[in-house]
Amino acid sequence: MSKLLIPIDFSEYSESALNYACELAKDSGQSLDLVHVFSEHSNTYANIKDETPLVDPRVPEAQSKMKELVEQTQQKFPNIKIEGIFREGNLYDEIKALTSATAYDAVVMGTQGASGLEAVFIGSNTYDTIMNTTTPVLAVPQNASHYKKDKIGLLCNFKEAELTALAQAIPLFKVNFQLMLIHINTSERAIKDIDADFKVWIDRIEKELHITDISYIIKPQTLFMGRKESVAQGITSVLIDEQVDILLLTKSKKSVFRQWTESNVIKKLAFNLQIPTFFARVLIAK
């Protein structure tokens, strides 16, 4: 049975991500593992004086909260199998261990507040999870607690990794959605040449992945006045204008996402992007 892994810290944004994951799983059929990770706590002096090791007070408190959260969520979604997991250590390390041992369809992580992905990139554990885990990561901003997939956007540069991203997204989102391919024309190529690339690309997507409702949009470089930072604003305007519900990104070394990360554009995008974003796992052969 396919599964989703949801890190839980009992904050509003992680519970929003949980509700989103439940609605997704209700549609796609996954079971859920909720994981709470807390750092090691000890009191050496007290432990030396007492033969009984101290119990971190956060442990029973977290166990009680998790039991209550699972029960409440199970009542709301009775047909979804939900289990709680407790780990001690570093969030990224524990997620890496869990995803290495179990074939999760995705890790669903909440992000804080109206700043969207800002929380993802400021938090090193979450960033490490996105960039290094062998499992796709679905980042869900707090304002997107309700699952909707009418239109899914894919940042498109006609790379094989983008087809891999779509293939990884299908177990979550199936194929009954409108796929919006978004191309940023940073090299100022002729539109007729890009149109020709899209014709070939869409044909491949239809034949290989069986997604049939596909459209595309080309955002010209001239609108950005030559400033790399404004590319993010152009992408955000497309997402808003086209009412995209979910964005798909690849994270390979050759992907648009990695190029933006290295050029600081993704940080600018983070302040405006407020929709769930699926970071696909794409491995590049050495």
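Residues numbered from 1 in each chain as written. Predicted model: local features only at pLDDT ≥ 70, side-chain atom pairs only at ≥ 80, totals over all residues. Heavy atoms only, no water.

Draft legend 1. Geometry of the nonpolar core. Among the nonpolar cores identified, the biggest contains 53 residues, and Leu4, Leu32, Leu34, Phe173 and Leu181 are the most heavily contacted of them. If you look at the next biggest cluster of nonpolar residues, it comprises 24 residues, including Leu98, Met109, Ile182 and Val238. (Core = buried A, V, L, I, M, F, W, Y, C linked by side-chain atoms within 4.5 Å. Buried < 20%, exposed > 50% of the residue type's maximum accessible area, 1.4 Å probe, protein only.)

Draft legend 2. Looking closely at unusual backbone geometry. For histidine 210, which is not glycine, the phi dihedral falls at a positive 65°. Among the secondary structure elements, histidine 210 is positioned in the loop between α8 (191-209) and β8 (214-220). (Helix = DSSP H or I, 4+ residues; strand = E, 2+ residues; numbered from the N terminus.)

Draft legend 3. The arrangement of the sheet that holds strand β5 (residues 137-141) in detail. Taken together, the ten strands give an open sheet; going across it, the order is β3-β2-β1-β4-β5-β10-β9-β6-β7-β8, and neighbouring strands pair in mixed fashion. The outermost strands of the open sheet, each flanked by one partner alone, are β3 (82-88) and β8. Neighbour to neighbour, the strand axes of the sheet diverge by 25° on average, direction disregarded. Where strand β2 (residues 31-38) meets β3, seven bridges bridge the pair, whose relative direction is parallel. Bridge assignment links valine 37 to a residue of β3, and that residue is arginine 87. (Pairing = 2+ DSSP bridges. Axes fitted to C-alpha atoms, helices over the stretch in contact; angles between N-to-C directions.)

Draft legend 4. Representation of the environment of alanine 144. As for its position among the elements, alanine 144 is in the loop between β5 and β6 (151-155). For alanine 144 and glycine 110, which are 34 residues apart along the polypeptide, the C-alpha to C-alpha distance reads 9.5 Å. Beyond its immediate chain neighbours, meaning those up to four positions away, alanine 144 contacts Tyr20 and Pro276. (Contact = heavy atoms within 4.5 Å.)

Draft legend 5. Spatial organisation of the environment of leucine 98. Mapped onto the secondary structure, leucine 98 falls in helix α4 (residues 91-101). Sequence separation between leucine 98 and valine 35 is 63 residues, and the spatial gap between their C-alpha atoms is 9.3 Å. When sequence neighbours within four positions are dropped, the list of residues in contact with leucine 98 reads Leu5, Val35, Ile85, Arg87 and Tyr104.

Draft legend 6. Spotlight on the environment of tyrosine 13. When you line up the elements, tyrosine 13 lands in helix α1 (residues 12-28). Along the chain, tyrosine 13 and serine 145 lie 132 residues apart, while their C-alpha atoms are 8.5 Å from each other.

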